[in-house]
Amino acid sequence: MGLEDHYNSSEADSGYLDDLWIYSEDSGDITGYTWKKKRKKESCKSDPGPTWESRYDQSCNIYWPKARAGHSLVYDRRKDGIYLFGGFTSYSPYFEGHGDTKEGSFAPYPSLPYFFNDLWFYDLRKGYWNELKPRTKIKPTGRAYHMTVISESILILFGGYGNTNYFNDTWYYYIDEGRWLQKDTFVHADYPETCTDDLSNENCTELNFPKLLKRSGLPKSYEEILPFRKQQGFTPITDDSHYFGVLDDAYAFVENMKQKFLSNEVLDEKGTRVWLEVDTPEGTPVAPYAATGPRQFAQLRRIPYNGTMIEVWEWCVTGRGEPTRGKNLDGRFGRSMSRILIPQPKRKSPGWDGCRELNW
């Protein structure tokens, strides 16, 4: 079933339609279903006049939504009918009588209520439309292309577009009470203590992707990429600073180095004591230009070591995306030989590890 929702200037002055068609079972049709157009019916009520002869007079009117497009329709099983809300309309062409200009002139923006915020109910058994006017003045702004659903005796409306505005508001219409309520607060379940958010740490920095590699620029070797020692943002770093990559646990890493180089005496090939060793592979991107995927965060920690402070980058994320999950890891034809784990921020949201058991 549905109210026609398209433009056709040959069938209506405005180009917008107000006809109602219902697609239902029909034993006489070869497909078993057919479209049927619902005709407008008069609603009559007693309207006696002042004379004896007019005592049985009636007044009849046709109650029918105006032609429109972009409206929403919802079927109510309880009442066996459909609710219509909103939509928009206009007039075409925009001449005098439909706009603000002088006779015969063109008015591309006539002063009309383009967007509707009216609510109608169509009784499928009786074949009548009835406009549902709320008991209070509170109701949604006129709009089109919104979404409406029904839950028991409540219509739920969200979003839409109207008068150059995109809406993100939520409205309830209580059918039995005949009133609108805008929902501006929402009840959420409590998360268990195991549910954490990696991005709640203000010291975390979103990593950028590695810098572009520079080329030599020489005419005969313009395709040659400069070695990493001449690249910015990659190891080896030319100054005296040390870069260890982005680690899972910076403090554990430094403790291991203390055990290896400070608690024990480690000598190099020349017999000189080694106080610190960096074995980061050449060509490793240097943070904060070290992201391997979107939305990766890390923090720079400064940790005491041998009377000084060393800087170590540490992931701010505890989640790991695994693009190799369920894949063949044989190293052939470009396939990986081992699991690939890409750091991703864990969010305090249903579905994440530690957040699935909500406390209502």
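Structure's up top.
Residues numbered from 1 in each chain as written. Predicted model: local features only at pLDDT ≥ 70, side-chain atom pairs only at ≥ 80, totals over all residues. Heavy atoms only, no water.

Strand order in the open sheet made by the 4 strands is 6-7-8-9, with antiparallel pairing throughout. Looking at the sheet topology across the chains shown, the edges are occupied by strand 6 (72–76) and strand 9 (128–131). Averaged over all pairs of adjacent strands, the angle between their axes in this sheet comes to 25 degrees, without regard to strand direction. With 4 bridges connecting them, strand 8 (residues 115–123) and strand 9 associate as antiparallel partners. (Pairing = 2+ DSSP bridges. Helix = DSSP H or I, 4+ residues; strand = E, 2+ residues; numbered from the N terminus. Axes fitted to C-alpha atoms, helices over the stretch in contact; angles between N-to-C directions.)

Another point: the sheet that holds strand 10 (residues 147–151). In a beta sheet, neighbouring strands are held together by backbone hydrogen bonds and run either parallel or antiparallel to one another. Taken together, the 4 strands give an open sheet; going across it, the order is 10-11-12-13, and neighbouring strands pair in antiparallel fashion. Two strands lie at the open edges of the sheet, namely strand 10 and strand 13 (179–183), each paired on one side alone. Adjacent strand axes in the sheet meet at a mean angle of 25 degrees when their direction is disregarded. Here strand 11 (residues 154–162) runs beside strand 12 (residues 165–174); their pairing, made up of 8 bridges, is antiparallel. Bridge pairing in strand 12 links Gly-162 to Asn-165.

Before going further, it helps to spend a moment on helix 1 (residues 250–262). Compared with the 18 Å implied by 1.5 Å per residue over 13 residues, the 17 Å span of helix 1 between its first and last C-alpha is a close match. When we look at burial in helix 1, the residues that qualify are Ala-250, Val-254, Met-257 and Phe-261. Down the axis of helix 1, the buried set is contained in an arc of 55 degrees. They therefore lie on one face. Those residues of helix 1 hidden inside the fold are in contact with strand 16 (297–305) and strand 17 (308–315). A side-chain oxygen of the first residue of helix 1 lies 3.2 Å from the backbone nitrogen of Tyr-251; this N-cap is Asp-249. (Expected span 1.5 Å × (residues − 1). Buried < 20%, exposed > 50% of the residue type's maximum accessible area, 1.4 Å probe, protein only. Arc of directions from axis to C-beta. Contact = heavy atoms within 4.5 Å. Polar contact = N/O pair within 3.5 Å; in protein donor to acceptor, adjacent residues only side chain to side chain.)

Turning our eyes to something else, we now look at the pattern of salt bridges. Overall, the coordinates contain 17 salt bridges when judged by the stated rule. Arg-78 is paired through a salt bridge with Asp-176; the nearest N and O atoms lie 3.7 Å apart. A residue pair is termed long-range when its members are at least 10 positions apart, and Arg-78 in the loop between strand 6 and strand 7 (81–88) and Asp-176 in the loop between strand 12 and strand 13 qualify at 98 residues. For Asp-176, a relative accessible area of 52% puts it in the exposed group. (Salt bridge = Lys/Arg side-chain N within 4 Å of Asp/Glu carboxyl O.)

Let's shift gears to the packing of aromatic side chains. Summed over the entire model, instances satisfying the criterion amount to 17 aromatic pairs. Considering the side-chain rings of Phe-88 and Phe-115, the 6.0 Å spacing of their centres and the 45 degrees angle between planes classify their relative orientation as tilted. With Phe-88 in strand 7 and Phe-115 in strand 8, this pair connects stretches of sequence that are 27 residues apart. Judged on exposure class, the residue Phe-88 and its partner Phe-115 are both buried. Measuring from centroid to centroid gives 5.6 Å for Phe-228 and Phe-234, while their planes differ by 45 degrees, and the two rings are tilted. Classification of Phe-234 as buried rests on a relative accessible area of 8%. Sitting above the plane of the Phe-116 ring, Arg-68 keeps its charged end 4.2 Å from the centroid. Lying across the ring of Tyr-174, Arg-179 places its NZ or CZ 4.8 Å from the centre. (Phe/Tyr/Trp six-rings, centres within 6.5 Å; stacked < 30°, edge-to-face > 60°. Lys NZ or Arg CZ within 6 Å of the ring centre and 35° of its normal.)

The next thing to look at is the side chain of Thr-89. By the element assignment, Thr-89 lies in the loop between strand 7 and strand 8. A residue is classified by how much of its surface remains accessible, and Thr-89, at 13% relative accessible area, is buried. Side-chain polar atoms of Thr-89 contact the backbone oxygen of Ala-67, separated by 3.3 Å.

Attention now goes to the state of the cysteines. The final tally for this structure, using the stated rule, is 3 disulfides. In this model, Cys-195 is linked to Cys-355 through a disulfide, with the two sulfur atoms separated by 2.0 Å. Here the S-S torsion is close to 90 degrees, and the disulfide linking Cys-195 with Cys-355 is therefore right-handed. Pair noted here: Cys-195 is in the loop between strand 13 and strand 14 (205–206) and Cys-355 is in the segment after strand 19 (342–344), with a separation of 160 residues, a long-range link. Using a relative accessible area of 0% as the deciding quantity, one classes Cys-355 as buried. Each sulfur of the disulfide joining Cys-204 and Cys-316 lies 2.1 Å from the other. Taking the sign of the torsion about the S-S bond as the criterion, the disulfide between Cys-204 and Cys-316, at about -95 degrees, is left-handed. Taken as a pair, Cys-204 in the loop between strand 13 and strand 14 and Cys-316 in the loop between strand 17 and strand 18 (319–321) lie far apart in primary sequence, 112 residues in all. Cysteines bonded in the protein chain are numbered consecutively along the chain; their disulfide partners then correspond to 1-2, 3-6, 4-5. (Disulfide = S-S within 2.5 Å.)

Cis rather than trans, the peptide bond between Thr-235 and Pro-236 has omega equal to 5 degrees. Secondary-structure assignment places Pro-236 in the loop between strand 14 and strand 15 (246–247). Residue Ala-287 is joined to Pro-288 through a cis peptide bond whose omega torsion reads 10 degrees. Locating Pro-288 in the fold gives a position in the loop between helix 1 and strand 16. Even without a glycine there, the phi angle at Asp-80 is positive, about 50 degrees. Note that Asp-80 resides in the loop between strand 6 and strand 7. Residue Asp-80 is classed as partly exposed on the basis of its relative accessible area of 23%. In this structure, Thr-164 takes a positive phi of about 65 degrees despite not being glycine.

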